[in-house]
Amino acid sequence: MRLLWKLIILLPLINTCAGAGLLSHPVFTQEPQDVIFPLDLSKSDIILNCAASGYPSPHYRWKQNGTDIDFTMSYHHRLDGGSLAISSPHTDQDIGMYQCLATNTLGTILSRKAKLQFAYIEDFETKTRSAVSVREGQGVVLLCGPPPHFGVPDISWRRLDGNPLPGKVKYSKSQAILEIPNFQQEDEGFYECVAGNLRGRNLAKGQLIFYAPPEWEQKIQNTYLSIYDNLFWECKASGKPDPWYTWLKNGERLNPEERIQIENGTLTITMLNVSDSGVYQCAAENKYRIIYANAELRVLASAPDFSKNPIKKNSVVQVGGDITIECKPNAFPRATISWKRGTESLRQSKRVFLSEDGSLKIYNVTRSDAGSYTCIATNQFGVAKNTGSLVIKERTVITIPPSKMDVTVGESIVLPCQVSHDPSIEVVFIWSFNGDVIDLKKGVAHFERIGGESVGDLMIRNIQLNHSGKYLCTVKTTLESLSAVADIIVRGPPGPPEDVRVEHISSTTSQLSWRPGSDNNSPIQIFTVQARTPFSVGWQAVSTVPEILSGKTYNATVVGLSPWVEYEFRVVAGNSIGIGEPSKASELLRTKASVPVVAPTNINGGGGSRSELVITWESIPEELQNGEEFGYIIMLRPVGSTAWTKERVPSVESSRFVYRNESITPLSPFEVKVGVYNNEGEGSLSTVSIVYSGEDEPQLAPRGTSVQSFSASEMEVSWNAIAWNRNTGRVLGYEVLYWTDDSKESIIGKIRVNGNVTTKNITGLKANTIYFASVRAYNTAGTGPSSPPVNVTTKKSPPSQPPANIAWKLTNSKLCLNWEHVKTMENESEVLGYKILYRQNRQSKTHILETNNTSAELLVPFEEDYLIEIRTVSDGGDGSSSEEIRIPKMSSLSSNGIPALEPSIYFLSVVIIFYCFTIQPLTR
């Protein structure tokens, strides 16, 4: 009875510590190791290390050869933390086995045994040896080796148990040494070495024995049990020979008794009580080593307590769902659990189930199940209660799921995903494409989420072929996860055909083959072959046999090619959606050569020198030359003759040929044909054209040449036309030459006129300068003799000063203008009159009025402002213009023709206008 009361008094402390997890038994972090200590260091300290963790912090004891070391009585033993320090060690009293013990309130653990030994070396044994004499400074060798020998025997190895030698064995070069790496138990046994030569054989044998110190296969673990529970621990170790086991509690050997059963590596304790708590060690030992496994047994006793693991405050479930409300109070021994709903005790039914671990399960929940639920936990030490609420929510349903769609590339579509849900529950929509989540927050191209809180529609803009696949809409709430899937098929034009090959090529045809590319979900209906040459503008469709290439045709013959031209071919495919991307180009190949078939065109000519026939034509482009060594054939004969003269022009780029013959008379007509040829032969000839032979230059100079000046910068040259015939030379036009009398200059101008024109106006001349002029005729052969020169002096420069002091007066629609006469300088032409230029704006038509006076009247309807300027007129041309004057429209003037101004400045304006008309002209 007294023991029970002590137990009950200890319960609060044990429960607090156990629950908080503050206490922990000692665990070695460092254990002592075997030490071999040199005697010559006997004045130094020997340190055997020992350290352990735990709470409260452990304190330490040491045993030597199984006996506790009394630190109060020993002058050369001391504790350094948990380590043992031995000062001035003695071989006779300090040698032996040492163990460290670490203890706190939860128990004691015993360390591994560490052996302390002392190292020494004795003197060499005395052995008489013959003296060796040596002279000072000489070298000496003291031999210590085998006797002279020759002939190392044949050596072999075997196992006496009949088993073969392990495959891993290694031999020395002479096989005198056998090495067994990674020696294992199966390698132990008797081994025999046999050595032999011509004189005989000898053998030796030995035994290899395998041993192993203990190693843990199974350790004991910390265990926390309730009072009156049973403990079963088992530890296992391997070793050779097999280890035996002992059990310790808090560092002391544990002996069997009524509740405690020990059998080898197993420990059983029935009907646990608090006094069984402590640190236990399982020791496994053979003759080579002893090892320890440590674990804490904590026996707990307490009334039920919900402080560390209360019932969930609110358990939320949807209508029709299942719910589990856990009840797991801390209680030692385990508590008995019962439940109440409100004030009524709960009993099991078809929908209500009380599980063995104390949890309450309710199946197929209805709205009437909402309310508060209380768990009551009871054991022999007390009773505890804890209450939580059950909240019922409406189920989430996908009302409009995404549906299967068949679309064309480039379209934009919307995949619907709409739900109905409890308004208090937040809904999250997640879209996946072919198993990968679409991260819409990163602004993924093509994808966009549209809709509100209950709408998770996915828009796919400008859909592409790689968007074909499965789209999964997942709807997640805190209570459930729903999903719906739809297949999207995107159809597009076919992918590019592959592996386009030229199987055979001739001068005008080529056989092609290819493989179809992807049909992109729409069957291929047609193929088209395209070709490119160095002379084509990009890729162009070509004719094939068969003419129409169906979607199942993978070869064709291209026809209509040009001979001796490099070609590349490619293939494009089409389906009901459109034409796809072209294939890669085939290799570049040249068609075979053939006779050229295209004759030159635009046969023409003429001109040239006397006794020459000049023939021209348009050259044939390279793509139509059909082979190497291309050239032209010229066929010619005088009109009326039957015999043709044939000439070859071996230049590819030629487009002109000159035939020379002294018997050719000027301007004689010839029939001319031009053909083509190459290495393969001669091709077609053009149609006949008439070309005239060359002519002589004109033989006569023009007569009646005269020149007159019209202004300071222009003059006109005139002459009489030449009446020509075949003897005097044909005249196609005239050439006017002009120059000045400056000896530094030669001819400064040359102008041609065609046909029968007999005058030419020359501009851009210098003022008041003598110019000479001459005229000569020309034709295709050149120019004839020049006429005698004539001369003229250009007019003086026009007046440089513009009209000044311009005044104006406007009455109704009559504008009166006055200005001062312009006086000229000595080197300027006299003023002959004036020009008045007026217009409504700078873009409108300019009107001109000429006068010999210094005044003028204009009748103009002034519906808009007018711009007016005045310039001088002279023999040398028009002089400088006055500044532009703006005349305001009638509506902006008063009835007197005076500008309508603000009252404060009106009088001043009137005075100024009157003054200007009477004394000084009005300026802009």
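All values reported here derive from a predicted model rather than from experimental measurement.

Chemist: What am I meant to see in the overall build of the protein chain here?
Modeler: Along the protein chain, the regular secondary structure elements total 3 helices and 79 strands. By the burial criterion, 39% of the 924 residues in the protein chain qualify as buried.

Chemist: I would appreciate a short explanation of the environment of Ile269 in the present structure.
Modeler: With respect to the secondary-structure elements, Ile269 resides in strand E24 (residues 266-269). A residue is classified by how much of its surface remains accessible, and Ile269, at 0% relative accessible area, is buried. Ile269 sits 11 residues away from Glu258 along the chain, and the two C-alpha atoms are 9.0 Å apart. Setting aside anything within four residues of it in sequence, one finds Ile269 in contact with Asp229, Asn230, Leu231, Arg259, Ile260, Asp276 and Tyr280.

Chemist: What is the right way to look at the sheet that holds strand E73 (residues 814-818) in this model?
Modeler: Taken together, 3 strands build an open sheet; the order of strands is E72-E73-E76 and the sheet is antiparallel. Every interior strand has two partners, whereas the edge strands, strand E72 (807-811) and strand E76 (855-859), have only one. Between one strand axis and the next, the sheet turns through 15° on average, direction left out of account. Of the pairings in the sheet, the one linking E73 to E76 comprises 5 bridges and is antiparallel in character. Directly across from Lys814, in E76, lies its bridge partner Leu859.

Chemist: For this particular structure, what's the right way to read the packing of aromatic side chains?
Modeler: For the structure shown, the criterion picks out 14 aromatic pairs. Judged by centre distance (5.2 Å) and plane angle (80°), the rings of Phe630 and Tyr632 are edge-to-face. Measuring from ring centre to ring centre gives 5.7 Å for Trp719 and Tyr734, while their planes differ by 55°; the resulting arrangement is tilted. On the criterion of sequence distance, the pair formed by Trp719 in the loop between strand E65 (715-718) and strand E66 (733-740) and Tyr734 in strand E66 is long-range, its members being 15 residues apart. Members of the aromatic cluster, connected to one another through ring pairs, are Phe433, Phe447 and Tyr471. Here the basic side chain of Lys673 rests over the ring of Trp644, its NZ or CZ set 4.6 Å away from the ring centre. When the ring centre of Tyr778 is taken as reference, the NZ or CZ atom of Arg752 above it lies at 3.8 Å.

Chemist: Could you clarify how one ought to interpret the sheet that holds strand E21 (residues 244-249) in this entry?
Modeler: Taken in spatial order, the 5 strands line up as E18-E26-E25-E21-E22 in an open sheet, and their pairing is mixed. On the outer flanks of this sheet lie strand E18 (223-226) and strand E22 (252-253), each paired with one strand and no other. Of the pairings in the sheet, the one linking strand E25 (residues 278-285) to strand E26 (residues 290-300) comprises 8 bridges and is antiparallel in character. Bridging across to E26, Gln281 finds its partner in Asn294.

Chemist: Could you clarify how one ought to interpret the state of the cysteines in this entry?
Modeler: Linking two cysteines covalently via their sulfur atoms produces the bond known as a disulfide. All chains considered together, the criterion is met by 4 disulfides. Between the sulfur of Cys235 and that of Cys282 lies a disulfide, 1.8 Å long from S to S. With the S-S dihedral at roughly 45°, the linkage between Cys235 and Cys282 falls on the right-handed side. With Cys235 in the loop between strand E19 (231-234) and strand E20 (236-240) and Cys282 in strand E25, the pair connects residues that are 47 residues apart, well separated along the chain. In terms of burial, Cys235 and Cys282 fall into one category: buried.

Chemist: Help me understand the pairing of strand E49 (residues 526-532) in this model?
Modeler: For a regular strand, side chains alternate in direction, first toward one face of the sheet and then toward the other. Two strands pair when backbone bridges link them, and E49 and strand E52 (residues 549-550) are joined in this way by 2 bridges, in the antiparallel orientation. Within E52, the residue paired with Phe527 across the bridge is Leu549. Bridge analysis of E49 against strand E54 (residues 566-574) gives 7 bridges, and the strand direction is antiparallel. Its bridge partner lying in E54, Ile526 is registered against Gly574.

Chemist: Sorry if this is basic, but what is going on with the confidence of the model for the protein chain here?
Modeler: Do not read the fine detail of predicted coordinates wherever pLDDT is low. In this model, the protein chain carries an average pLDDT of 87, and 89% of its residues clear a pLDDT of 70 or more. Throughout residues 892-924 the model reports pLDDT below 50, and contacts reaching past four residues in sequence, or to other chains, amount to 29 contacts.

Chemist: What should I look at first to understand the pattern of salt bridges in this one?
Modeler: Any two side chains of opposite charge can pair if their charged atoms end up close together. Counted according to the given criterion, the structure contains 34 salt bridges. The partner of Lys168 in a salt bridge is Asp187, and the shortest N-O contact between them spans 2.9 Å. Here the residue Lys168 occupies a position in the loop between strand E12 (154-159) and strand E13 (170-171), and Asp187 occupies one in the loop between strand E14 (178-179) and strand E15 (189-197), the gap between them amounting to 19 residues. One salt bridge connects Glu612 with Arg660, and the closest N-O pair in it is separated by 2.9 Å. Of this pair, Glu612 sits in strand E57 (residues 612-618) while Arg660 sits in strand E60 (residues 656-660), placing them 48 residues apart in sequence. By relative accessible area, Arg660 is classed as exposed at 58%. Among the charged side chains, a salt-bridge network with shared partners connects Glu498, Asp499, Arg501 and Arg515.

Chemist: I would appreciate a short explanation of the nonpolar core in the present structure.
Modeler: When a protein is soluble and globular, its nonpolar side chains tend to lie buried together. One finds Trp216, Trp233, Trp247, Leu267 and Leu297 to be the most contacted residues of the largest nonpolar core, which totals 23 residues. Looking at this core element by element, the count peaks at 5 residues for E26.

Chemist: I keep staring at the environment of Arg351 and nothing clicks. Help me out?
Modeler: Secondary-structure assignment places Arg351 in the loop between strand E32 (344-345) and strand E33 (352-354). C-alpha of Arg351 to C-alpha of Ile362: the two residues are 11 residues apart in sequence and 5.4 Å apart in space. Ignoring sequence-local partners within four residues, the contact set of Arg351 consists of Lys361, Ile362, Tyr363, Asn364, Val365, Thr366 and Asp369. In terms of polar contacts, Arg351 uses its side chain to reach the backbone carbonyl oxygen of Asn364, at 3.4 Å. Separated by 2.9 Å, the side chains of Arg351 and Asp369 make a polar contact.

Chemist: Explain the pairing of E19 here, please?
Modeler: Of the two faces of E19, only one is covered, namely that formed by Leu231 and Trp233; the face formed by Phe232 and Glu234 stays uncovered. Summarising the sheet, E19 and E24 pair through 4 bridges and their orientation is antiparallel. Within E24, the residue paired with Trp233 across the bridge is Leu267.

Chemist: Mind showing me how you'd approach unusual backbone geometry here?
Modeler: Where the residue is not glycine, phi is negative for most of them; where a peptide bond is considered, it is trans in most cases. Between Lys240 and the following residue, Pro241, the backbone shows a cis peptide bond with an omega angle of 0°. Within the secondary structure, Pro241 is located in the loop between E20 and E21. The step from Phe332 to Pro333 runs through a cis peptide bond, and the omega angle for that step is 5°. Along the chain, Pro333 turns up in the loop between strand E30 (330-332) and strand E31 (336-341). With a phi close to 50°, Asn250 is a non-glycine residue in the positive phi region. Mapped onto the fold, Asn250 is located in the loop between E21 and E22.

Chemist: Even after reading the chapter, I still don't get the side chain of Thr872, so can you show me in this structure?
Modeler: By the secondary structure assignment, Thr872 is in strand E77 (residues 866-874). Given a relative accessible area of 0%, Thr872 falls into the buried group. Discounting residues that sit within four places of it in the chain, Thr872 has contacts with Pro799, Gln801, Pro803, Val822, Val831, Gly833, Tyr834, Gly877, Asp878, Gly879 and Ser880.

What counts as what
Residues numbered from 1 in each chain as written. Predicted model: local features only at pLDDT ≥ 70, side-chain atom pairs only at ≥ 80, totals over all residues. Heavy atoms only, no water. Helix = DSSP H or I, 4+ residues; strand = E, 2+ residues; numbered from the N terminus. Buried < 20%, exposed > 50% of the residue type's maximum accessible area, 1.4 Å probe, protein only. Contact = heavy atoms within 4.5 Å. Pairing = 2+ DSSP bridges. Axes fitted to C-alpha atoms, helices over the stretch in contact; angles between N-to-C directions. Phe/Tyr/Trp six-rings, centres within 6.5 Å; stacked < 30°, edge-to-face > 60°. Lys NZ or Arg CZ within 6 Å of the ring centre and 35° of its normal. Disulfide = S-S within 2.5 Å. pLDDT = per-residue confidence, 0-100. Salt bridge = Lys/Arg side-chain N within 4 Å of Asp/Glu carboxyl O. Core = buried A, V, L, I, M, F, W, Y, C linked by side-chain atoms within 4.5 Å. Polar contact = N/O pair within 3.5 Å; in protein donor to acceptor, adjacent residues only side chain to side chain.

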